[in-house]
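Observations on chain architecture
Residues per chain, in single letters:
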Amino acid sequence: MNKQEPVIAIKNLNHYYGKGALRKQILFDINLEIYPGEIVIMTGPSGSGKTTLLSLIGGLRSVQEGSLKFLGEEVFGVNQNKLVQMRRNIGYIFQAHNLLGFLTAKQNVQMAVELSDRISQAEAMAKSEMMLRAVGLEERINYYPDNLSGGQKQRIAIARALVNRPPLVLADEPTAALDKQSGRDVVEIMQSLAKNQGTTILLVTHDNRILDIADRIIQMEDGLLTRNSSNTVIQS
Ligand SMILES: Nc1ncnc2c1ncn2[C@@H]1O[C@H](COP(=O)(O)OP(=O)(O)OP(=O)(O)O)[C@@H](O)[C@H]1O
């Protein structure tokens, strides 16, 4: 696997918040490579810099210092247009799943297809239905998010993130609001879809119960990457 070109290659990355006397370094000399098809889980205490690193990798913040390559292309120094283009190749799954309440499950997923592809509405609809079936929501495609459980909403968010088959999916605490079983279901769906599509997943979590789905676990502490090793948890 490591012979392939990395999806993400980070070298000597630093990041700061604030200006002047209030400027504070948050990330310190991060070095990290993530390869196609890998599932990487990032753990670490609150405030250690996980979300900051995830948002840099996701093109949601500009890189201030160091090198970050996405699919072989340098992200440091690029303009906002380039960042927007980069985001089209990334699926995002966040804790507050950001579904639009006035759209049904199917319309929420379909919107992501229509935004990124120049395909017909019929095709977009078919793709969305197929994806919602893949996450086990075939009975709920015409429901509005308000009438669905937390786990079901998170599954729509997964369908939306994966429907365009992006090379990279970023997930920030995708199970935080879910009970044990729903959390498990959600990550197993992500895992199997990712393995089928060859998608790379980087997932931030405090949830120790899902560590076994990772190929690799990395840990942040006080802005430093303190662990970067293959997962030794027995895979179920
Ligand atoms: N926009 C911001 N402006 C200033 N400081 C910030 C900003 N965002 C985060 N921070 C600070 O940067 C540090 C790292 O925050 P970050 O959200 O990356 O940590 P985290 O590991 O994701 O935490 P959590 O697990 O609680 O989400 C914290 O000390 C936080 O207070």
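A quick note: this is a predicted structure, and the numbers were derived from the prediction, not measured. (Residues numbered from 1 in each chain as written. Predicted model: local features only at pLDDT ≥ 70, side-chain atom pairs only at ≥ 80, totals over all residues. Heavy atoms only, no water.)

**Things to note about the overall build of the protein**
This is how it is decided: The helix and strand labels rest on DSSP assignments: H or I over at least four residues marks a helix, E over at least two residues marks a strand, and numbering proceeds from the N terminus. To get the radius of gyration, use the C-alpha atoms; to get the globule rule, take the number of residues to the power 0.38 and multiply by 2.2 Å. The buried label applies to any residue whose accessible area, calculated with a 1.4 Å probe on protein chains only, is under 20% of its type's maximum; exposed applies above 50%, and partly exposed to all values in between. Contacts are assigned to residue pairs that have any heavy atoms within 4.5 Å of one another. Surface accessibility in these figures is a Shrake-Rupley result with a 1.4 Å probe; residues are shielded only by whichever protein chains are displayed. This count recognises Lys and Arg as positive and Asp and Glu as negative, with His and chain-terminal groups excluded. By convention, the charge on Lys lies at NZ, on Arg at CZ, on Asp at CG and on Glu at CD.
Looking only at helices and strands, one finds six helices and ten strands in the protein. On C-alpha atoms alone, the protein measures out to a radius of gyration of 18 Å, which is about the 18 Å that the 2.2 N^0.38 rule sets for 236 residues. Each of the three principal axes of the protein carries a C-alpha extent, and together these read 50 × 40 × 40 Å. Considering the protein as a whole, with its 236 residues, one finds that 49% of them fall into the buried category. Looking at the protein alone, contacts between residues at least 24 apart form 69% of all its contacts between residues at least 6 apart. Total accessible area on the protein is roughly 11,700 Å²; 49% of this is exposed by carbon and sulfur atoms. Distance between charge centres in the protein, computed from 26 positive and 24 negative side chains, equals 3 Å.

**Remarks on the confidence of the model for the protein**
Fine structural detail should not be taken from predicted coordinates in areas where pLDDT scores are low. For clarity, the cut-off: Confidence of the predictor in every single residue is expressed as pLDDT, which spans 0 to 100.
Within the protein, residue pLDDT values average 89, and 95% of them lie at 70 or more. Across the whole predicted complex the pTM is 0.89, and at the interface the ipTM reaches 0.95.

**Here we look at the sheet that holds strand S1 (residues 8–17)**
Counted only if it meets this: Pairing between two strands requires that DSSP report at least two bridges joining them.
The strand order S2-S1-S4-S5 describes an open sheet built from four strands, whose pairing is antiparallel. Two strands in the sheet have a free side with no partner beyond their single neighbour: strand S2 (24–34) and strand S5 (73–74). Where S1 meets S2, seven bridges bridge the pair, whose relative direction is antiparallel. Paired with Ala-9 across the strands is Glu-33, a residue of S2.

**A look at the packing of helix H5 (residues 150–162) against helix H6 (residues 180–197)**
We count it as follows: Here, axes are lines fitted to C-alpha atoms. For helices the fit covers the stretch in contact, and angles between N-to-C directions go from 0 to 180 degrees. Just so you know how the angles are binned, under 35 degrees is roughly parallel, over 145 roughly antiparallel, 65 to 115 roughly perpendicular, and the rest oblique. Put simply, a crossing is left-handed when the front helix is turned counterclockwise from the back one by less than a right angle, and right-handed when it is turned clockwise.
Between H5 and H6, the shortest axis-to-axis distance is 10 Å and the interhelical angle comes to 15°. Here H5 lies roughly parallel to H6, going by the angle between them. Where H5 crosses over H6, the handedness of that crossing is right-handed. Residues Gly-151, Gln-154, Arg-155, Ile-158 and Leu-162 of H5 form the contact with H6, whose participating residues are Ser-182, Val-186, Ile-189, Met-190, Leu-193 and Gln-197.

**Things to note about the pattern of salt bridges**
Threshold: We count a salt bridge whenever a side-chain nitrogen from Lys or Arg sits within 4 Å of a carboxyl oxygen from Asp or Glu.
Under the counting rule described, the total for this entry stands at seven salt bridges. Across the salt bridge formed by Glu-129 and Lys-106, the nearest N and O atoms sit 3.1 Å from each other. Within this pair, whereas Glu-129 is found in helix H4 (residues 121–134), its partner Lys-106 is found in helix H3 (residues 105–116), the two being separated by 23 residues in sequence. By relative accessible area, which is 25% here, Glu-129 ends up partly exposed. Residue Arg-184 is joined to Asp-212 by a salt bridge in which the shortest nitrogen-to-oxygen separation is 2.9 Å.

**Remarks on the sheet that holds strand S6 (residues 90–94)**
Taken together, six strands build an open sheet; the order of strands is S6-S7-S8-S3-S9-S10 and the sheet is mixed. Since the sheet does not close on itself, it has two edges, and those belong to S6 and strand S10 (224–230), each with one partner. Within this sheet the neighbouring strands show an average axis-to-axis angle of 15°, counted without direction.

**Focus on H4**
Let me state the cut-off plainly: One fewer than the residue count of a helix, multiplied by 1.5 Å, yields its expected span. The directions from the helix axis to the C-beta atoms are what the arc is built from.
Taking 1.5 Å of rise per residue, 14 residues should cover 20 Å, and H4 covers 20 Å from first to last C-alpha, within 8% of that figure. Buried within H4 are the following residues: Ala-124, Ser-128, Met-131 and Leu-132. All buried residues of H4 project into a common sector of 100° when viewed along the axis, lining one side. A positive backbone phi angle near 80° is found at Gly-136, which sits one or two residues after H4.

**Topic: the site of the ligand**
For clarity, the cut-off: Residue proximity to a molecule or strand is established when one non-hydrogen atom of the residue lies within 4 Å of it. N or O atoms closer than or at 3.5 Å make up a polar contact, with two conditions inside protein: a donor-capable atom paired with an acceptor-capable one, and, for residues adjacent in sequence, both atoms drawn from side chains.
Lining the immediate environment of the ligand, one finds Tyr-17, Ile-26, Pro-45, Ser-46, Gly-47, Ser-48, Gly-49, Lys-50, Thr-51, Thr-52 and His-206. A distance of 3.1 Å is found between an oxygen atom of the ligand and a backbone nitrogen or oxygen belonging to Ser-48. At 3.0 Å from an oxygen atom of the ligand is found a main-chain nitrogen or oxygen belonging to Gly-49. The protein chains hide 58% of the 640 Å² of surface that the ligand would expose on its own. When residues of the shell around the ligand are assigned to their parent elements, the largest contribution, three residues, is made by helix H1 (residues 50–57).

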